[in-house]
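The lines below spell out each chain.
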Amino acid sequence: MNERDGAGGADREAEELVQRLCETDFSAASGVRESLRARLLAEAVRRRAAAPRWARAAVLAPAAAFAAVVLGLYAAGPDAPSPEAPPSPGGDRILVLAPKVGGRVLSLEAVLPESPERPDVALGRVEAFDGATSAAVLSTVEGRVTESKTSRVVRWETGDQVFVLETRVVALEDIFSTRSMGTDYRRL
Amino acid sequence: MEAAATAADEGTRQPDPGVAGPQDIALVYDRFFPRVYNYVRCRVGDRQTADDLTSEVFMRDLAKLDRYQPARGPFDAWLFAIARNAVNDHFRSLRWRSWLSLDLLAERPGREPSVEEALIDDEGRRRLSAALQRLEGRERDLLALKFAAGLTNRAIAAMAGLGESNVGVIVHRAVKKLQRELKGEKA
């Protein structure tokens, strides 16, 4: 037997030993296997019976804490509704003021006779010029109307002035969302 | 909690939140008892101590089963970490007792198997166990983790605070040494 054979033989013996180590089962000689199993199961039953109170508390506590934080943030937030704030009479409606034509303010009923059908447009009125009737205004000016699905534009050309009245569907957010240098003017 | 038992097969699944039920415990126990017992027995040598420590391991395991986190490692590595700590605690207490009193030292379990054990165990197992006890503590620990517990070198390395390749070298040398011990016993 040369040196190589000797090394190979030693390796084989080592492999056999490892195999033996893996296969040797001392647990068959254990004197506690069954009794320990019974003890563990009994203990598990006892623990489970005692568990619901603290287990439920452990599960609910984080959820309750999270809900409290969310409510706290909501109450402290800038968009939180103020209980003193009166309800907005116009809701989300758009207030359109009457245009000036040649030094006079037109009545919107005159230039947009059908517009009150639209719930999102509220017609403004300037008290001082209420005297101007629709007929009087229409007899002096003539508007060119352009309509699309979401807007209606009336353009008047009165010699020295051009006047445009546009009504379009907008959300309240669009009107008051003007920002400059990071300032949200809704919060001012 | 059922997954705690399934972890016995997969080694990585997380127990569901809640308390381990009897079925979960039974599955984990039936699956792991031989491996845990063999690991403990390889390290302590005598049956009585192995019985006591294995009982302690499973009682600790039951108490901590709900805290098992798969993100921190496979289930078997977690379980054998408990077993390893129990055995280390045992040896630590032996050292402490031997330092306190020589009388107490007499309570230390013998390294050689008792007559009863010799009757129960077959000769091959008895000799192997005796040879294992003649290895150094770390060699015995790593051999037991590797072959009795069936852990990977990586898991052993993480548990023992060693490099993976270092574990391989120590295990290899320990096998060679065990081989010599067995041969010497024959001679």
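Keep in mind that this is a model prediction, so the values were computed, not measured. (Residues numbered from 1 in each chain as written. Chains lettered and ligands numbered in written order. Predicted model: local features only at pLDDT ≥ 70, side-chain atom pairs only at ≥ 80, totals over all residues. Heavy atoms only, no water.)

1. A closer look at the environment of A:T167
Line of reasoning, step 1. You can see A:T167 is positioned in strand 7 (residues 162–168).
Line of reasoning, step 2. A:T167 sits 17 residues away from A:T150 along the chain, and the two C-alpha atoms are 8.4 Å apart. (Helix = DSSP H or I, 4+ residues; strand = E, 2+ residues; numbered from the N terminus.)

2. Quick notes on the confidence of the model for chain B
Residues and elements named next belong to chain B.
Line of reasoning, step 1. Per-residue confidence for chain B averages 80 on the pLDDT scale, and 74% of its residues sit at or above 70.
Line of reasoning, step 2. Per-residue pLDDT stays below 50 along residues 11–17; that stretch engages in 26 contacts with residues further than four places along the chain or on separate chains.
Line of reasoning, step 3. For residues 103–110, every residue scores under 50 in pLDDT, and the model assigns this stretch 8 contacts once sequence neighbours within four places are set aside. (pLDDT = per-residue confidence, 0-100. Contact = heavy atoms within 4.5 Å.)

3. Notes on the nonpolar core
Line of reasoning, step 1. Judged by nonpolar contacts, the single largest core of 60 residues is most densely connected at B:V36, B:Y39, B:F80, B:L143 and B:L178.
Line of reasoning, step 2. Here this core takes 11 residues from helix 2 (residues 22–44) of chain B, the largest share from any one element.
Line of reasoning, step 3. Setting aside chain neighbours within four positions, we find B:L178 in contact with A:L17, A:L21, B:L128, B:A131, B:L132, B:L135 and B:L143. (Core = buried A, V, L, I, M, F, W, Y, C linked by side-chain atoms within 4.5 Å. Buried < 20%, exposed > 50% of the residue type's maximum accessible area, 1.4 Å probe, protein only.)

4. Quick notes on the packing of aromatic side chains
Residues and elements named next belong to chain B.
Line of reasoning, step 1. The full count for this structure, using the stated rule, is 9 aromatic pairs over all chains.
Line of reasoning, step 2. A ring pair is formed by F32 and F75, whose centres lie 5.6 Å apart and whose planes are at 55 degrees; its orientation type is tilted. Note that F32 is positioned in helix 2 and F75 in helix 4 (residues 75–100), a separation of 43 residues in sequence. The burial state of F32 is the same as that of F75; both residues are buried.
Line of reasoning, step 3. An aromatic cluster of three or more residues is present, and its members are Y29, F33, Y37 and F58. (Phe/Tyr/Trp six-rings, centres within 6.5 Å; stacked < 30°, edge-to-face > 60°.)

5. Some thoughts on the pattern of salt bridges
Residues and elements named next belong to chain B.
Line of reasoning, step 1. Summed over all chains, the structure comprises 16 salt bridges over all chains.
Line of reasoning, step 2. Its salt-bridge partner being D89, residue R60 comes within 3.2 Å of it at the nearest N-O pair. Here R60 is found in helix 3 (residues 47–64), whereas its partner D89 is found in helix 4, with 29 residues between them in sequence.
Line of reasoning, step 3. A relative accessible area of 32% places D89 in the partly exposed class.
Line of reasoning, step 4. For D141, the salt bridge is made with R84, and the minimal N-O distance between the two is 2.7 Å. Here R84 lies in helix 4 and D141 lies in helix 8 (residues 137–148), a separation of 57 residues in the sequence. (Salt bridge = Lys/Arg side-chain N within 4 Å of Asp/Glu carboxyl O.)

6. Looking at the confidence of the model for chain A
Line of reasoning, step 1. For chain A, mean pLDDT is 66; residues scoring 70 or higher make up 43% of the total.
Line of reasoning, step 2. Per-residue pLDDT stays below 50 along residues 90–95 of chain A; that stretch engages in 13 contacts with residues further than four places along the chain or on separate chains.

7. Remarks on the sheet that holds strand 7 of chain A
Residue and element names in this part refer to chain A.
Line of reasoning, step 1. Read from one edge to the other, the open sheet built from 3 strands follows the order 5-6-7, with strand pairing classed as antiparallel. Only two strands of the sheet have a single neighbouring strand rather than two, namely strand 5 (143–147) and strand 7. Adjacent strand axes in the sheet meet at a mean angle of 15 degrees, parallel and antiparallel pairs treated alike.
Line of reasoning, step 2. Here 5 bridges tie strand 5 to strand 6 (residues 151–157), and the two strands are oriented antiparallel to one another. Within strand 6, the residue paired with V145 across the bridge is V154. (Pairing = 2+ DSSP bridges. Axes fitted to C-alpha atoms, helices over the stretch in contact; angles between N-to-C directions.)

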